[in-house]
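Close look at the chain arrangement
Okay, here's what each chain looks like letter by letter:
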Amino acid sequence: MPGNRSFEELVAEGAAVPAEGWDFSWFEGRATEARPSWGYARSAGERLAGAQAVLDIQTGGGEVLDFALATAGALAPHAPPGTLDPPDGPGGPFRPLLIAATEGWPANLAKATALLRPRGVVVVGVPDDAPLPFADEAFDLVLSRHPVRPDWPEIARVLRPGGTYFAQHVGPASVFELIEYFLGPQPEPVRGARAPEQERADAEAAGLQVVGLRAERLRMELHDIAAVVHLLRKVVWLVPGFTVEAYEPRLRELHERIEKEGPFVAHSARQLLDVRKPGTPRR
C-alpha cells in the first residue's frame, strides 16, 4: 500500500510503470476489479482444445491467449488421432493445426511475439481498423478479448461455415465514473455504445447467429492516484490523449478525494458473446 506518499511521488510512479501488454499484476494491492462469472480465458481454453485453426484478434501482449493455450493443453493432453503431431512428437500435448493472432500496437506486438512464438503462434501486426490479412473461411474458431470494436463483416468472412466467434467485449458505459470525472458528462449515444442488443443486431447483420450473450457490471476500486495514472496510460481509450501534464489539476483533486474518502469506485461492463457462422462445419 502507498502509505503517506505525496501526490508527486505517486503520480511519478504511475507514469513510470511500463504500460504495454495486458498484464495487470502491478495493480495488486492498489486497485481491484471484480471478474465476470464466466471466466473468459479458461472458457476460451476449453474452446481451443477442440479447434483446428484459431485466430485471436487484438491479442494485446498475448497473455490471455497464452493462458488459454495452457488450459487447452491441460484439457487435451494428447493429440487426438488424425490431428497434426505436436512439436514434441506423437502423443504429446495437443494444439490446433494453426494458431494466429493479430495486434496493432507496436509495443504489444513485440511482447506478444516473444510470449506466443514458443507456442507456435504466428503473430501478425494489423492496425485495429484494417481488414484481417487472412483468406476467406480460414478459421473454425476466432477469439478476442476486449477488441476496440468488432469488425463483424471481417469476422464473418474469415470464419468457416459452422465456425465460432467467442469473445469478451467491453460493454456500454464501462468505467464511466472515471471517464466522466475527467471528460465531463458524455452524450447518450456515447454512453449507450456497445449495448448488448446492438452487438447482437450488428453480428446478425453480418450473417452471423448469436447463440449466447451475457452481460455483467462489475465493481472496480482505485486505491491511489498512481493506479489511476497507470490505468489511463494502459487503457488509452478511456481518456484519449491522457497525459499527467494535461490533467494535473483534476488528478490532484482526485488524489485529495481518495485520501479523504477512500477508494474511487467505478463499474466496468463486460459481455460474453458466443456467435456462430451458419453452415456445416468442415471435417
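Here, every reference points to the structure presented above.
Throughout this description, residue numbers start from 1 for each chain and increase along the sequence as written. Two thresholds apply to this predicted model, a pLDDT of at least 70 for residue-level local features and 80 or more for giving and counting side-chain atom pairs, whereas whole-chain, interface and lining totals are computed over all residues. Each side-chain value is worked out from all heavy atoms of the structure, with water and hydrogens disregarded.

Concerning the pattern of salt bridges
Salt bridge, as used here: a side-chain nitrogen of Lys or Arg that lies within 4 Å of a carboxyl oxygen of Asp or Glu. The tally for this structure, following the rule as stated, stands at 18 salt bridges. The residue R30 makes a salt bridge to D224 at a minimum N-O spacing of 2.8 Å. With R30 in the loop between helix 1 (7-16) and strand 1 (31-33) and D224 in the loop between strand 7 (209-222) and helix 9 (225-234), this pair connects stretches of sequence that are 194 residues apart. Throughout this description, buried means an accessible area under 20% of the type-specific maximum (1.4 Å probe, protein chains only), exposed means over 50%, and partly exposed covers the range between. R30 sits in the buried class, given a relative accessible area of 11%. The exposure class assigned to D224 is buried, which follows from its relative accessible area of 2%. What you see here is one network of salt bridges that share partners, running through R5, E13, R30 and D224. The helix and strand labels rest on DSSP assignments: H or I over at least four residues marks a helix, E over at least two residues marks a strand, and numbering proceeds from the N terminus.

Points about the packing of aromatic side chains
Planes of paired rings set the category: under 30 degrees apart is stacked, over 60 is edge-to-face and the rest tilted, where pairs are Phe, Tyr or Trp rings (Trp by its six-membered ring) whose centres lie within 6.5 Å. Tallied over the full model, the rule gives ten aromatic pairs. Relative to F242, the ring of F182 lies with its centre 6.3 Å away and its plane at 80 degrees, an arrangement referred to as edge-to-face. In this pair, F182 is assigned in helix 6 (residues 176-183) and F242 in the loop between helix 9 and helix 10 (248-261), connecting sequence segments 60 residues apart. F182 gets classed as buried once you look at its relative accessible area, which sits at 8%. The exposure class of F242 is buried, given its relative accessible area of 11%. Aromatic side chains F182 and Y247 sit 5.6 Å apart centroid to centroid with 85 degrees between the ring planes, which places their arrangement in the edge-to-face category. Note that F182 is positioned in helix 6 and Y247 in the loop between helix 9 and helix 10, a separation of 65 residues in sequence.

A closer look at the nonpolar core
To define a nonpolar core, start from buried Ala, Val, Leu, Ile, Met, Phe, Trp, Tyr and Cys residues and group those joined through side-chain atoms within 4.5 Å. In terms of nonpolar packing, the biggest core is built from 32 residues, with L178, F182, V228, L251 and L254 touching the most fellow members. Ranked by residues supplied to this core, first place goes to helix 9 with seven residues. We call two residues in contact whenever any of their non-hydrogen atoms come within 4.5 Å of each other. The residues touching L178, leaving out its near neighbours within four places in the chain, are L222, V228, L231, L232, L254 and F264. A44, V64, L141 and F166 belong to the second largest nonpolar core, which has 22 residues in total.

Side note on the sheet that holds strand 1
What the eight strands build is an open sheet, ordered 1-7-8-6-5-2-3-4; its pairing is mixed. For this open sheet the edge positions go to strand 1 and strand 4 (122-125), each flanked by a neighbour on one side alone. For this sheet, the mean angle separating the axes of adjacent strands, direction not counted, is 15 degrees. Here, strands pair whenever DSSP counts at least two bridges between them. Taken together, the four bridges between strand 3 (residues 98-103) and strand 4 define a ladder with parallel strand orientation. Residue pairing in the sheet places E103 in a bridge with G125 of strand 4. Helix axes use the C-alpha atoms of the stretch in contact, all axes being lines fitted to C-alpha atoms, and the angles between their N-to-C directions lie in the range 0 to 180 degrees.

Some details on the environment of E137
Inspection of the secondary structure puts E137 in the loop between strand 4 and strand 5 (139-145). For the pair formed by E137 and A156, sequence separation is 19 residues and the distance between their alpha carbons is 8.2 Å.

Focus: the pairing of strand 5
For strand 5, the buried fraction is high: five of the seven residues fall into the buried class. Direction of pairing for strand 2 (residues 53-57) relative to strand 5: parallel, over a ladder of four bridges. Across the sheet, residue L55 finds its bridge partner in strand 5, namely V142. Both strand 5 and strand 6 (residues 159-170) contribute to a ladder of six bridges, which runs parallel. The residue of strand 6 that forms the bridge with L143 is F166. Handedness of the crossover is the feature at issue here: the chain leaves strand 5, passes through helix 5 (residues 152-158), returns alongside strand 6, and the resulting connection is right-handed. With the strands pointing away from the viewer, any crossover whose connection runs clockwise from the first strand over the helix to the second is right-handed.

Some thoughts on unusual backbone geometry
Even without a glycine there, the phi angle at H146 is positive, about 60 degrees. Inspection of the secondary structure puts H146 in the loop between strand 5 and helix 5. The exposure class of H146 is buried, given its relative accessible area of 13%. Here V175, not a glycine, exhibits a phi torsion of approximately 55 degrees, which is positive. With respect to the helices and strands, the residue V175 is situated in the loop between strand 6 and helix 6.

Section: the packing of helix 1 against helix 10
Between helix 1 and helix 10, whose axes approach to 11 Å, the crossing angle comes to 115 degrees. The handedness of the crossing between helix 1 and helix 10 is right-handed. Touching F7, E8 and L10 of helix 1 are E248, L251, R252 and H255, all from helix 10. Under the scheme applied, nonpolar residues are Ala, Val, Leu, Ile, Met, Phe, Trp, Tyr, Cys and Pro; charged residues are Asp, Glu, Lys and Arg; polar residues are all the others, including Gly. When its residues are assigned to classes, the contact of helix 1 with helix 10 shows three nonpolar, one polar and three charged. We call a crossing left-handed when the near helix sits turned anticlockwise from the far one by less than a right angle, and right-handed when that turn is clockwise.

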